[in-house]
Amino acid sequence: MTTPTDPPATATTAQAPVRRSPWLPLIIVVMAQLQMGINISVLPVSLGPIAEDLDAPATATATALLLYSLFVAAFVMLGAKIGKIFGERLVLQVSVVVHGAAMVLMATSTDASTMNTAQAIAGVAAAAAVPTFVVLIAANYGGRQQETSLGVLAGIPAVSSAVTFVVAGFLATALSWRYSFGLIVLLALAVLVLSFRLTPIPRQPLIRIDVIGVVLSAAAIALILLGFNGLQTWGALLATDAAPFSILEVSPAPVFIVLGIVLGQAFFAWSHRRVAAARQPLLATEVLDSKEERNAVVAFLVAGSLGLAVGFLIPLYVQIVQGRTPLFSAVAILPYSVAIAAAGVISVRLYDRLPPRVLGTVSFGLIAVGLVVAAFTVGKDWSNAAIVLGLLLVGIGEGTLLTLLFNVLVSASPKRLAGDVGALRGVANNVSNALGAALVSVVAVGFLGFLLASGFDRSDLPPELETSALFDDLDFVTDAELRSALEATGAAPEQVEEAVAINEDARLGAVRASFLIVAGISLVAIFPAWRLPKYTPGALSAEDIVNEVGPD
């Protein structure tokens, strides 16, 4: 926290009315964030058509997504510094143009390598743009307007996912997946034109970039993301055949994660050394200098991971367990996404009544309750209203958390550090995505393998069915895929149907168990949530705010 240097505000100043600012800057920022968010939502929903059109495996889309997230997370802190040096409005405009050009490349891709190049370029552009969002919000809004704006900003990813799943699913089915990226190009042009209505933010040309800090942070984040992404395919401990290499038969995934954590610690040690030498670090240490801020980041990582885990389990349940289409999956996830967006905006009204630690604790509790309800009510049909209710509870808790934690980080640092807060949010978002995806995939597949083995042990089916090629490469498969694979072994029809029934029960049980595990993680996250600030924002006087937050 910064030390107050300004004289305490008077009671008259504390009660002075705050002039409301126009909402156009927020609209422009929201459109820019939609541009970035729609891109990463189009890729998974168009997975099949992209793979067929580019003659590439389905995993090629996952690789493109990983490259995008890696470049954003690795260079978003550098992007914050570039924004300060050249001015956030200019950096936003250049980023929007570069990202739009990357979308043109995506729309005209002829192979997987071109798609990967486009997503890498888009990731670099997003790394520069993301910190400007927070700076522009902080520069244009204060008080309740700023809280509401941050709530909208926190809920936009959920909105973009819900809308994109439906629109992109329709376009990929009726026309071509390329039209979705063409729409992003049009959105980029609109953002560019409107961005000239934004007030330019003064440049800070005297800022110097910490090159060693860039290398340490980028390497740490890249290793952690690659490690978590490889947990399932490379092996959580022992190396599988799919691992690129092994160290004494140990998978490279945990090795990468450990090395990434070590380099991360080296980055923070280097940053504190630069501060002690009166030099500027890559990330301002003030944004993490209190236990409340550090716990807010931990809670942010957990909340983001939970959101990604739920976003993975719902399509897995709908498309694999129920055998429905991607479009139906988009409809099924809509209540959850809408609840996140709505809670992100509406929960701001509670800031005058409840302290952050209470809101955070209750929100993680809501997520846990919602997931438990979903775990005990999911079946083979999406007709149980309790499932929707459970997901609504999860969405309300998720949306409240993302907005609350974002607001805590922004309000706990001087306005001049808004770019650093935005960079920290960008790192947390992308790292949490990798954590959530890796965690839930390892947990779900692990339970699937255990339940399949148990089911076959209790049956009279011949061992060769259990050890067939399908189960050697363990994963969630549809009934049709399983029947085709088992019929190729020459098994009798009744044996095939019994094996399919075992797989159906195992899939459903694995999804239920995964929901319960994620619920347990949400309960554990109550501990960092209870260490959030204990003040009620509306109850603070102007003097308290200066002492709590520090002057701009």
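Residues numbered from 1 in each chain as written. Predicted model: local features only at pLDDT ≥ 70, side-chain atom pairs only at ≥ 80, totals over all residues. Heavy atoms only, no water.

Undergrad: Any details on the overall build of the protein? Residues and values, ideally.
TA: When helices and strands are counted, the protein shows 22 helices and zero strands. Looking at the 552 residues of the protein, the share that counts as buried comes to 54%. Within the protein, contacts between residues separated by at least 24 positions form 81% of all contacts whose residues are at least 6 apart in sequence. For the protein, the accessible surface area stands at approximately 23,600 Å², while carbon and sulfur atoms represent 67% of it. (Helix = DSSP H or I, 4+ residues; strand = E, 2+ residues; numbered from the N terminus. Buried < 20%, exposed > 50% of the residue type's maximum accessible area, 1.4 Å probe, protein only. Contact = heavy atoms within 4.5 Å. Areas by Shrake-Rupley, 256 points an atom, 1.4 Å probe, with all protein chains shown as cover.)

Undergrad: Please give an account of the side chain of N503 that cites residues and values.
TA: Secondary-structure assignment places N503 in helix α20 (residues 493–524). Beyond its immediate chain neighbours, meaning those up to four positions away, N503 contacts L448, L452, V477 and L482.

Undergrad: Hey, could you go over helix α6 (residues 112–140) for me, with residue numbers and the actual values?
TA: Here α6 spans 41 Å end to end across 29 residues, near enough to the 42 Å set by a 1.5 Å rise per residue. Along α6, the largest kink reaches about 25° and is centred on A127; proline P131 follows within four residues of it. (Expected span 1.5 Å × (residues − 1). Bend = angle between axes of the 7 residues up to and from the residue.)

Undergrad: So, the pattern of salt bridges: which residues are in play, and what are the values?
TA: Enumeration according to the criterion identifies three salt bridges in this entry. The closest approach of N and O atoms between E497 and R483, which form a salt bridge, is 3.0 Å. Residue E497 is located in helix α20, and its partner R483 is located in helix α19 (residues 479–487); the two are separated by 14 residues in the primary sequence. (Salt bridge = Lys/Arg side-chain N within 4 Å of Asp/Glu carboxyl O.)

Undergrad: Could you give an account of the side chain of Q35, with specific residues and numbers?
TA: Here Q35 lies in helix α2 (residues 24–45). Looking at Q35, the relative accessible area reads 0%, which means it is buried. If we skip the residues at most four places from it in the chain, Q35 touches V96, H99, G100, I184, L187, A188 and V191.

Undergrad: Which residues make up the environment of A332, and what values go with them?
TA: Residue placement: A332 occurs in helix α13 (residues 326–346). A332 gets classed as buried once you look at its relative accessible area, which sits at 3%. Between the alpha carbons of A332 and V318 there is a distance of 7.8 Å; along the sequence they are 14 residues apart.

Undergrad: Tell me about the nonpolar core, and name the residues and values.
TA: M77, F133, F181, F364 and F476 are the most contacted members of the largest nonpolar core, which totals 143 residues. Per-element tally for this core: the top contributor is helix α12 (residues 291–321), with 16 residues. (Core = buried A, V, L, I, M, F, W, Y, C linked by side-chain atoms within 4.5 Å.)

Undergrad: Can you break down the environment of L301 residue by residue, with the values?
TA: Take L301: it is sitting in helix α12. Exposure remark for L301: the relative accessible area of 25% places this residue in the partly exposed category. On a C-alpha basis, the gap between L301 and A525 in space is 9.9 Å, while along the polypeptide they are 224 residues apart. In contact with L301, other than residues within four places in its own chain, are A428, V431 and S432.

Undergrad: Can you explain the confidence of the model for the protein? Please cite residues and give values.
TA: Averaged over every residue, the pLDDT of the protein is 80; the share at 70 or more is 87%. Put simply, helix α22 (residues 542–549) is where the protein has its lowest mean pLDDT, 36, and helix α5 (residues 88–107) is where it has its highest, 94. Counted against residues more than four places away or in other chains, residues 1–18, with its pLDDT under 50, gives 20 contacts. Low confidence marks residues 537–552, where pLDDT is under 50. Its contacts with residues over four positions away, or in another chain, come to 30 contacts. (pLDDT = per-residue confidence, 0-100.)

Undergrad: Describe in detail a nonpolar patch on the surface, supporting the description with residues and values.
TA: A contiguous nonpolar patch, built from V159, V163, V166, V167, L183, L186 and L189 and spanning about 560 Å² of accessible area, is present on the exposed surface. Elements with a contribution of two residues or more to the nonpolar patch: α7 (143–174) and α8 (178–195). The biggest single contributor to the nonpolar patch is α7, with four residues. Within the secondary structure layout, L189 lies in helix α8. (Patch = residues over 30% accessible without salt bridge, like charges linked within 9 Å, V, L, I, M, F, W, Y side chains within 5 Å.)

Undergrad: Residue-level account of the packing of aromatic side chains, with values.
TA: Here the structure, examined in full by the defined rule, presents five aromatic pairs. Arranged with centres 5.9 Å apart and planes meeting at 85°, the rings of W177 and F181 form a pair that is edge-to-face. Accessibility assignment for this pair places W177 and F181 in one class, buried. Consider the rings of W234 and F256, whose centres lie 5.9 Å apart with planes at 85°: the pair is edge-to-face. Of this pair, W234 sits in helix α10 (residues 231–234) while F256 sits in helix α11 (residues 252–276); the two residues are 22 residues apart in sequence, bridging distant segments of the chain. Just as W234 is buried, F256 falls in that class too. Following the ring pairs from residue to residue traces out a cluster consisting of W234, F245 and F256. (Phe/Tyr/Trp six-rings, centres within 6.5 Å; stacked < 30°, edge-to-face > 60°.)

Undergrad: Report on the packing of α2 against α8, specifying residues and quantitative values.
TA: Put simply, α2 and α8 touch, their axes get as near as 9 Å, and they point 165° apart. The angle between the axes of α2 and α8 places the two elements in the roughly antiparallel class. Crossing angle aside, the handedness with which α2 passes α8 is left-handed. Taken together, the residues of α8 that come into contact with α2 (itself represented by I28, M31, A32, L34, Q35, I38, N39, V42 and L43) are S180, F181, I184, L187, A188, A190, V191, L194 and S195. (Axes fitted to C-alpha atoms, helices over the stretch in contact; angles between N-to-C directions. Parallel < 35°, antiparallel > 145°, perpendicular 65-115°, else oblique. Left-handed = near helix turned anticlockwise from the far one by under 90°.)

Undergrad: Can you lay out the packing of helix α14 (residues 356–377) against helix α15 (residues 385–411) for me, pointing to particular residues and giving the numbers?
TA: Between α14 and α15, whose axes approach to 7 Å, the crossing angle comes to 155°. When the interaxial angle is binned, α14 and α15 end up roughly antiparallel. Between α14 and α15 the crossing geometry is left-handed. Between α14 and α15, the residues in contact are P356, L359, G360, S363, F364, L366, I367, V369, G370, L371, V373 and T377 and A386, I387, G390, L393, V394, I396, G397, E398, T400, L401, L404 and V408, respectively. When the residues that make up the contact of α14 with α15 are grouped by side-chain class, the tally is 16 nonpolar, seven polar and one charged. (Nonpolar A, V, L, I, M, F, W, Y, C, P; charged D, E, K, R; others polar.)

Undergrad: Lay out the environment of D420 with the relevant residues and their values.
TA: Assignment of secondary structure puts D420 in helix α16 (residues 418–458). Under the relative-accessibility criterion, D420 is labelled buried at 1%. Residues D420 and T132, spaced 288 residues apart in sequence, show a C-alpha to C-alpha distance of 9.6 Å. For D420, the residues in contact, after removing those within four places along its chain, are A80, K81, K84, L282, L283, A284 and V287.

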